[in-house]
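Listed below, chain by chain, are the residues.
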Amino acid sequence: MAKVFQAADATDLVTDLRRSFDAGVTRAYEWRVTQLKKLLLICDNHEPEIVSALHDDLGKPELESSVYEVALLRNSINLALKQLKDWMAPDKAKTSLTTFPASAEIVSEPLGVVLVISAWNYPFLLSIDPVIGAISAGNAVVLKPSELAPASSSLLATLLEQYLDSSAVRVVEGAVTETTLLLEQKWDKIFYTGSSRIGRLIMLAAAKHLTPVVLELGGKSPVVIDSDTNLKISVKRIIAGKWGCNNGQACISPDYILTTKEFSPKVIDALKQELEAFYGKNPMESKDMSRIVNSNHFDRLSKMLEEKEVSDKIVYGGQKNRDILKIATTILVDVPLDSLIMNEEIFGPLLPIITLNNLEEIFDVIRSRPKPLAAYLFTQNQKLKERFAMTVSAGGIVVNDIAVHLAVPTLPFGGVGESETGSYHGKFSFDAFSHKKAVLYKSFIGDAAIRYPPYSRGKLRLLKALVNSNIVEIFRVLLGFS
Ligand SMILES: NC(=O)c1ccc[n+]([C@@H]2O[C@H](COP(=O)([O-])OP(=O)(O)OC[C@H]3O[C@@H](n4cnc5c(N)ncnc54)[C@H](O)[C@@H]3O)[C@@H](O)[C@H]2O)c1
């Protein structure tokens, strides 16, 4: 029987890792590169086991596992390997007259020992991607995968232990008890991916030690469909981004569609037609879609669907089978705005469409709700694209596609307001796990007496002029003008 993880284990774990960090193990460029290369080896040598674990946990189709988890991870690791030297190099900073002569730089310093708590929906990507950032930035790291994806969690623990330097990288498997024990420790950063409800608990625990946090949370990401769009391509991309990404169990999944009353019949017809082309007449039998992760989430989704004034708004799908944890691709039209389905993150295969009179009303609905993790627009109208990008507040915006911003490492991936605190991906991951240390180098040349007592009117004028970089005033004082 596996040993129970206890408070003393959590303390010992952090003590061990801190010892390694303090000894400088993780700081060396070579160590970081070696660990990143080992992560790459895990992807290269174990893709079939990863695909199989994801199938056990979520019934995830091979294409989704291979591309959206393993291939994306390979990209992240390769980018870090290619750019690490640049990321680690200090950035020169300009100095001012006040400190002349001097030079300055911003040094990216590892934070220390960090904790990564990840979620079940993309258990490999969401576990290893932050770990890439933590290692690249030179930290020791503990990963706590989600207990709701047990096959993935167990494989992660085995592979990371087998490949990585266990003096500085560890995995702790477990649920609330284990995570709570970990959260009692003093960390140098906590990186959490999961629901806002638990995000609040993480922030509370972190506050005790004033530990900085990155919280990658969720929200309700809207999709606006304008009538001036290529409707066939739009709905194909919406379907691929909703049901084709873990069956809607993704943080940037389309949560609901907003369109005009006039255009909505065309949107609904196009969705039905493409859904049938993708998943056949009986989507419950399709092998190209994940299942619902567990019975709790199945019941949560059923409750949304069965609510009064919601169940009668289904225009497509609606079938479900608890035994096999499947809910059909389901479209609902004009459910009440105060219903459960329109107020909680759906995180599943249900897609409500809200129809409104015009674009102004659509913008009003988005503005009146908490800021989402992503907002999507489908249109060919250039002015509308610009207005949407400039005025809609969301973690990220994609025009004419769904979720693909996640695969662009030069863009920060994060939210705003309630949807997230902090961001990552590419260099942003490195920065999330680094302290930007200000370093100023001065010599003993040019030691100005004006900063030292006894103070005088002249010293005061000159110092003020220096601080404000007022060259004219500096000359006036030096030349004795009043
Ligand atoms: N922003 C992102 O990148 C991103 C990615 C994926 C998922 N999400 C969000 O995550 C949510 C779905 O994930 P979830 O929350 O169901 O995942 P989850 O249930 O797996 O929980 C996430 C983590 O929190 C831990 N946890 C659970 N209860 C806890 C407690 N009481 N105290 C301490 N830790 C606890 C779990 O062990 C797990 O490791 C959605 O809201 C989704 O939008 C966000």
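Position labels on residues start from 1 in each chain and follow its written sequence. For a predicted model such as this one, the threshold for reporting local features is a pLDDT of at least 70, and the threshold for listing and counting side-chain atom pairs is 80 or more; totals across whole chains, interfaces and linings nevertheless cover every residue. Side-chain figures throughout are based on the complete set of non-hydrogen atoms in the structure, without hydrogens or water.

In plain terms, the rule: UniProt positions are given in the numbering used here, feature names are shortened, and annotations may be inferred rather than shown by experiment.
Named according to an unreviewed UniProt entry, the chain is Aldehyde dehydrogenase originating from Eruca vesicaria subsp. sativa. Heading Catalytic activity (unreviewed entry) of the UniProt record for the chain holds this comment: "an aldehyde + NAD(+) + H2O = a carboxylate + NADH + 2 H(+)". What UniProt states about the chain under its Sequence similarities (unreviewed entry) heading is, verbatim, "Belongs to the aldehyde dehydrogenase family."

**Comments concerning the confidence of the model for the chain**
Close inspection of predicted coordinates is inappropriate for parts of the model with low pLDDT. Worth spelling out the cut-off: The predictor attaches a confidence to each residue, called pLDDT, with possible values from 0 through 100.
Per-residue pLDDT for the chain averages 96, and the proportion of residues at 70 or more is 100%. Interface scoring of the predicted complex returns ipTM 0.95; its pTM is 0.95.

**Some points on unusual backbone geometry**
We count it as follows: Note on conventions: DSSP H or I runs of at least 4 residues are helices, E runs of at least 2 residues are strands, and numbering of each starts at the N terminus.
Backbone torsion omega between F100 and P101 reads -5°, so that peptide bond is classified as cis. Position of P101 among the secondary structure elements: in the loop between β1 (91–93) and β2 (102–110). The phi dihedral of A403 falls on the positive side, at around 70°, and the residue is not glycine. Residue position: A403 is located in the loop between β16 (396–399) and β17 (413–414).

**Some words on the site of the ligand**
The condition that has to hold: Think of it this way: one heavy atom of a residue within 4 Å of a molecule or strand is enough to make that residue near it. Pairs of N or O atoms within 3.5 Å make up the polar contacts considered here, provided that, within protein, one atom can donate a hydrogen while the other can accept it, and that residues adjacent in sequence are counted only when both atoms are side-chain atoms. Computed by Shrake-Rupley with a 1.4 Å probe, the accessible areas treat only the displayed protein chains as cover when residues are assessed. Gly is placed with the polar residues, together with every amino acid not listed as nonpolar (Ala, Val, Leu, Ile, Met, Phe, Trp, Tyr, Cys and Pro) or charged (Asp, Glu, Lys and Arg).
With respect to spatial proximity, 29 residues lie near the ligand, and among them K144, S146, E147, L217 and E345 are the closest. At 2.9 Å, a side-chain N or O of W120 approaches an oxygen atom of the ligand. Between the ligand and S195 there is a distance of 2.8 Å, counted from an oxygen atom to a backbone nitrogen or oxygen. If the ligand stood free it would expose 840 Å²; the protein chains cover 92% of that surface. The element best represented in the shell around the ligand is helix α6 (residues 176–183), accounting for 3 residues. Classifying every residue of the shell around the ligand gives 16 nonpolar, 8 polar and 5 charged.

**Describing helix α9 (residues 264–279)**
The cut-off we apply is this: Here the expected length of a helix is defined as 1.5 Å per residue gap, with one fewer gap than residues. The classification of residues rests on relative accessible area computed with a 1.4 Å probe and restricted to protein chains. Under 20% of the type maximum is buried, over 50% is exposed, and intermediate values are partly exposed. In this description, one arc is meant: the one made by directions from the helix axis to the C-beta atoms.
For α9, built from 16 residues, the straight-helix expectation of 22 Å at 1.5 Å per residue is met to within 8% by its first-to-last C-alpha distance of 22 Å. Taken as a whole, α9 has its buried residues at S264, V267, I268, A270, L271, E274, L275 and Y279. Angular distribution of buried residues about the axis of α9 spans 165°; they occupy a single face of the element. Those residues of α9 that are exposed and angled more than 90 degrees off the buried face are K266, Q273 and A277.

**What about the UniProt feature "active site" (unreviewed entry) in the chain?**
Selection criterion: Definitions used for this entry: grid spacing 1 Å over protein atoms alone; cavity, a set of points where a 1.4 Å probe fits but cannot get out; pocket, an open set with protein on both sides within 12 Å along at least 5 of 7 lines; lining residue, one with an atom within 4 Å of a point.
Per the UniProt record, "active site" (unreviewed entry) is found at E216 and C251. The annotated residues occupy 36 residues of the chain but converge on a single region, no pair of C-alpha atoms lying more than 9.0 Å apart. Checked against the lining of the largest cavity, the annotated residues reduce to C251. Secondary-structure assignment places E216 in strand β7 (residues 213–216).

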